[in-house]
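Architecture at a glance
As a plain string of letters, each chain reads:
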Amino acid sequence: MSERAIAIRLKIPDNEAYTALTALRALDVQVERLERSEVWLVEDTGDAATLAARVETNEAIFNPNKHRLAVLDATAPRSGEAWVYELPATGGADPIARPTMGGKTIPGVSNARRYIGWRLLDGSGAPVARRALESALERLLCNPAIEKALY
Amino acid sequence: MSARIAVLVFPGTNSEDETQRLLRDCGGDAELVHWSRADSLAGYDAYVLPGGFAHEDRVRAGAIAAHDRMMDYVIEGAAKGKMVLGVCNGAQILLEAGLAPGTGSARRPTAAFTFNGPQPHFICRLVYAKLAVDPSRSPITAALPPGAVIPAYTANVQGRLAATPEHMREIVEGSHVAFVYARADGTVDASAVPNESALGAAALTNKAGNVLAIMPHPERDGWNFNHPQRQTGDDILAPSGGAVLFSSFVEAVNR
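Below or above, wherever it landed, is the structure these notes cover. The structure displayed is predicted, hence computed values, not measured ones.

With that out of the way, let us pick up the overall build of chain B. Counting its secondary structure elements, chain B contains five helices and 11 strands. The globule rule puts the C-alpha radius of gyration for 255 residues at 18 Å, and the 16 Å found for chain B is close to it. In terms of overall dimensions, chain B has C-alpha extents of about 45 × 45 × 35 Å along its principal axes. Put simply, chain B has 255 residues, and 61% of those count as buried. Sequence-distant contacts, at least 24 apart, represent 74% of the contacts inside chain B between residues at least 6 apart. Carbon and sulfur atoms make up 52% of the accessible area of chain B, which totals about 9,700 Å². Distance between charge centroids for chain B: 4 Å, based on 21 positive and 26 negative side chains.

Spelled out as structure tokens, the structure:
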């Protein structure tokens with residue numbers, strides 16, 4: 001059993017990311033580009049090489065006409081990136097782990113946890129400084145009353 | 001001369017017309033103010049944030065709207081004691097803006113109306129909101145009888161009150177839950193809560209009581225024609241149960 005991370009991003013223009021970018025810049029957060037993705041951390045007993053193909057069969061979370069899917073190298077956010085998740089209603093600080101992804105079983109996959117990934121980049125395409133990321137989370141991207149961010 | 005009430009229209013707001021109409025039927029001088037006219041908000045005496053999907057609920061419901069320039073005026077007005085009422089998405093915006101329960105600072109939310117439980121489904125049905133505080137706790141509810149039960153329609157995916165245990169304690173200790181879900185006869189029990197909202201909360205108020213954030217829509221039960229228990233022969237255009245909250249709000253604004 002291996003822990004693996006998957007990111008699903010829009011390949012069409014992401015209006016939500018653009019709105020968030022505009023709002024963050026209005027709030028004086030130093031960011032020039034913002035990438036949003038749906039991140040899934042899963043336990044997988046299957047072959048790593050086929051994970052993407054197995055998840056891509058799930059039309060509840062992946063539409064080949066508008067999404068691209070990548071199996072990430074690491075199972076933690078990259079520099080300049082935060083993964084935001086909703087705190088469970090039942091209490092506790094960990095994201096809910098489900099046997100399914102978007103309500104559908106994927107062969108080999110279990111303990112699926114869902115996050116929204118926000119990656120903040122500067123004008124040169126480099127990750128923003130940690131302070132800018134924290135400011136973005138505090139001011140807009142994470143409501144600490146109901147959400148938590150990994151970064 | 002009656003006080004002027006601004007009904008705020010963000011991009012994506014969709015309940016502004018019935019909100020304005022009911023405020024007017026309750027005697028309020030209510031006007032729609034669109035986001036492009038934000039600067040005119042300073043001239044109004046009270047603010048109402050209707051339901052809808054402000055800024056398409058991007059990032060989180062109410063999150064972008066909380067930073068809209070219109071909210072600069074609402075936050076400033078609320079601090080001066082102006083009456084502010086938010087319904088459904090309007091309530092979500094007030095929580096994101098930190099105005100309700102108002103236990104933190106502006107634009108630093110301490111609670112949220114978030115995804116319904118046990119499943120994050122859209123819930124659309126008639127519910128009853130019961131006044132859970134003394135009417136005098138808030139000027140907005142001051143004209144209601146103690147324990148008033150108001151019919152309203154819940155119509156949301158994100159209506160469940162949630163907060164950290166620390167903030168929930170502040171909500172309880174500060175008597176910030178203004179309305180709870182109840183049965184039609186006023187009985188309060190878990191079966192009346194449609195979405196597992198914490199404390200059974202349907203509405204929150206701030207410390208001063210001049211801000212009220214209510215999730216179910218009273219204006220959707222504002223006239224007899226949309227009241228399911230109307231009797232044959234009732235004037236279908238007469239105000240019905242949901243109108244009493246708007247009347248009380250208008251009374252507070254004009255006081």
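What follows concerns the interface of chain B and chain A. Across the boundary between the two partners, chain B contributes 18 residues, which contact 19 residues of chain A. In total, about 1,500 Å² of surface goes out of reach between chain B and chain A, with carbon and sulfur atoms giving 57% of it. Where chain B packs against chain A, one counts three salt bridges. A salt bridge links A:Glu138 to B:Arg108; its shortest N-O distance comes to 3.3 Å. Applying the counting criterion to the chain B and chain A interface returns 10 residue pairs in polar contact (both at pLDDT 80 or more).

Let us look at the environment of B:Phe122. All names here are of chain B. If you trace the backbone, Phe122 turns up in the loop between strand S5 (112-115) and strand S6 (123-131). Sequence-wise, Phe122 and Asn226 are 104 residues apart; in three dimensions their C-alpha atoms are separated by 20 Å. If near-sequence neighbours (up to four positions away) are discounted, Phe122 is found in contact with Ala155, Asn156 and Val157.

Looking now at the nonpolar core. Within the largest apolar cluster, 77 residues are counted, with the highest numbers of intra-cluster contacts made by B:Tyr47, B:Phe179 and B:Phe249. No other element matches helix H5 (residues 243-254) of chain B, which puts seven residues into this core. Residue contacts for B:Phe249: discarding those within four places in its chain leaves B:Ile5, B:Leu23, B:Ala46, B:Tyr47, B:Val48, B:Met83, B:Val84, B:Leu85 and B:Ile140. If you look at the next biggest cluster of nonpolar residues, it comprises 24 residues, including A:Ala23, A:Leu34, A:Trp118 and A:Leu140.

The subject of this paragraph is the side chain of A:Arg113. Residues and elements named next belong to chain A. With respect to the element layout, Arg113 can be found in strand S5 (residues 109-121). Using a relative accessible area of 16% as the deciding quantity, one classes Arg113 as buried. There is a polar contact of 2.9 Å between the side chain of Arg113 and the side chain of Glu3.

What counts as what
Residues numbered from 1 in each chain as written. Chains lettered and ligands numbered in written order. Predicted model: local features only at pLDDT ≥ 70, side-chain atom pairs only at ≥ 80, totals over all residues. Heavy atoms only, no water. Helix = DSSP H or I, 4+ residues; strand = E, 2+ residues; numbered from the N terminus. Rg over C-alpha atoms; globule rule 2.2 N^0.38 Å. Buried < 20%, exposed > 50% of the residue type's maximum accessible area, 1.4 Å probe, protein only. Contact = heavy atoms within 4.5 Å. Areas by Shrake-Rupley, 256 points an atom, 1.4 Å probe, with all protein chains shown as cover. Lys, Arg positive; Asp, Glu negative; His and termini not counted. Charge placed at Lys NZ, Arg CZ, Asp CG, Glu CD. Buried area = accessible area lost by both parts, 1.4 Å probe. Salt bridge = Lys/Arg side-chain N within 4 Å of Asp/Glu carboxyl O. Polar contact = N/O pair within 3.5 Å; in protein donor to acceptor, adjacent residues only side chain to side chain. Core = buried A, V, L, I, M, F, W, Y, C linked by side-chain atoms within 4.5 Å.

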